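Listed here are the chains, written in short residue letters.
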Amino acid sequence: QVQLIESGGGLVQSGGSLRLSCAASGRTFSDYVMAWFRQAPGKGREFVAATWTNGTTEYTDSVKGRFTIGRDNVKNTVYLQMNSLKPDDTAAYYCTDNRGNWGQGTQVTVSS
């Protein structure tokens, strides 16, 4: 059974940085497209970033130049480095793969 476990969330001031991690277990990590989504209070879940098996990455416009997604296929982990954080980035962040598996989420709160 596939498990995705996020960590690294927290409270940070505007302009600060956080690094989220998502550890995967239960299958061959390198075969999967991995992505981060987020959900702010009262809003739907939205795409943030994705990394393909060949290293290609994609970002939603609002985080381009500030967030970086990366993966370590040896450690079965995908990362999201978040810099220059804004209050609008406040949300629960979720890790997912292209087989429909989701983590439990990690909360990111950015204070102004």
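Scope of this entry: the structure provided in the associated data block. Quantities reported herein were computed from a predicted structural model and do not represent experimental measurements. (Residues numbered from 1 in each chain as written. Predicted model: local features only at pLDDT ≥ 70, side-chain atom pairs only at ≥ 80, totals over all residues. Heavy atoms only, no water.)

1. Some thoughts on the side chain of Asp97
For clarity, the cut-off: A run of H or I in DSSP counts as a helix once it spans at least four residues, and a run of E counts as a strand once it spans at least two, with each numbered from the N terminus. Residue burial is assigned from relative accessible area. The probe radius is 1.4 Å, only protein chains are included, and a residue is buried under 20% of its type maximum, exposed over 50%, and partly exposed in between. Within 3.5 Å is the distance limit for a polar contact, defined as a pair of N or O atoms, with the added protein rule that one can donate a hydrogen and the other accept it, and that residues adjacent in sequence qualify only through two side-chain atoms. Residues are treated as being in contact if the distance between any of their heavy atoms lies within 4.5 Å.
Along the chain, the position of Asp97 falls in strand β9 (residues 91-97). For Asp97, a relative accessible area of 6% corresponds to the buried category. Of note is the side chain of Asp97, whose polar atom sits 2.8 Å from the backbone nitrogen of Arg99. Within the structure, Asp97 has its side chain in polar contact with the backbone nitrogen of Gly100 (distance 3.2 Å). Among all residues touching Asp97, those that are not within four sequence positions of it are Val2, Leu4, Arg27, Tyr32, Val33 and Met34.

2. Points about the sheet that holds strand β4 (residues 34-39)
Convention followed: Between any two strands, pairing holds if DSSP finds at least two bridges. Axes, fitted as lines to C-alpha atoms, cover a helix only where it is in contact. Angles between the N-to-C directions of the axes lie from 0 to 180 degrees.
The sheet built from six strands is open, its strands ordered β2-β10-β9-β4-β5-β6 with mixed pairing. The open sheet is flanked by β2 (10-13) and β6 (57-59), the only strands paired with a single partner. Between one strand and the next, the sheet's axes are offset by a mean angle of 25°, whatever the strand orientation. Two strands pair when backbone bridges link them, and β4 and strand β5 (residues 45-51) are joined in this way by six bridges, in the antiparallel orientation. Paired with Ala35 across the two strands is Ala50, which belongs to β5.

3. Some details on the nonpolar core
Short version of the rule: For this analysis, a nonpolar core means a set of buried residues of the types Ala, Val, Leu, Ile, Met, Phe, Trp, Tyr and Cys, connected via side-chain atoms within 4.5 Å.
Within the largest apolar cluster, 26 residues are counted, with the highest numbers of intra-cluster contacts made by Trp36, Val48, Phe67, Val78, Leu80, Met82 and Tyr93. Within the residue set of this core, elements represented by two or more residues are β3 (18-25), β4, β5, β7 (67-72), β8 (77-82), β9 and β10 (106-111). Ranked by the residues each element gives to this core, the list is headed by β3, at four residues.

4. Considerations on the packing of aromatic side chains
Under the convention used in this document: Between 30 and 60 degrees the pair is tilted, below 30 it is stacked and above 60 it is edge-to-face, where a pair is any two Phe, Tyr or Trp rings, Trp via its six-membered ring, whose centres lie within 6.5 Å. In this scheme, the term charge over a ring applies when either NZ of a lysine or CZ of an arginine sits within 6 Å of the ring centre and within 35 degrees of the ring normal.
Across all of its chains, the model carries two aromatic pairs by this definition. Between the aromatic rings of Phe37 and Phe47, the centroid separation amounts to 5.6 Å while the plane-to-plane angle is 75°, which identifies the pairing as edge-to-face. Of this pair, Phe37 sits in strand β4 while Phe47 sits in strand β5, and the two are 10 residues apart along the sequence. Phe47 sits in the partly exposed class, given a relative accessible area of 24%. A centroid spacing of 5.3 Å and a plane angle of 70° characterise the contact between Phe37 and Trp102, whose relative ring orientation is edge-to-face. Here the residue Phe37 occupies a position in strand β4, and Trp102 occupies one in the loop between β9 and β10, the gap between them amounting to 65 residues. Taken together, the ring pairs connect Phe37, Phe47 and Trp102 into an aromatic cluster. A cation sits over an aromatic face here: Arg19 above Tyr79, 4.0 Å from the ring centre.

So far we have only geometry, and geometry alone does not tell us how the molecule works.
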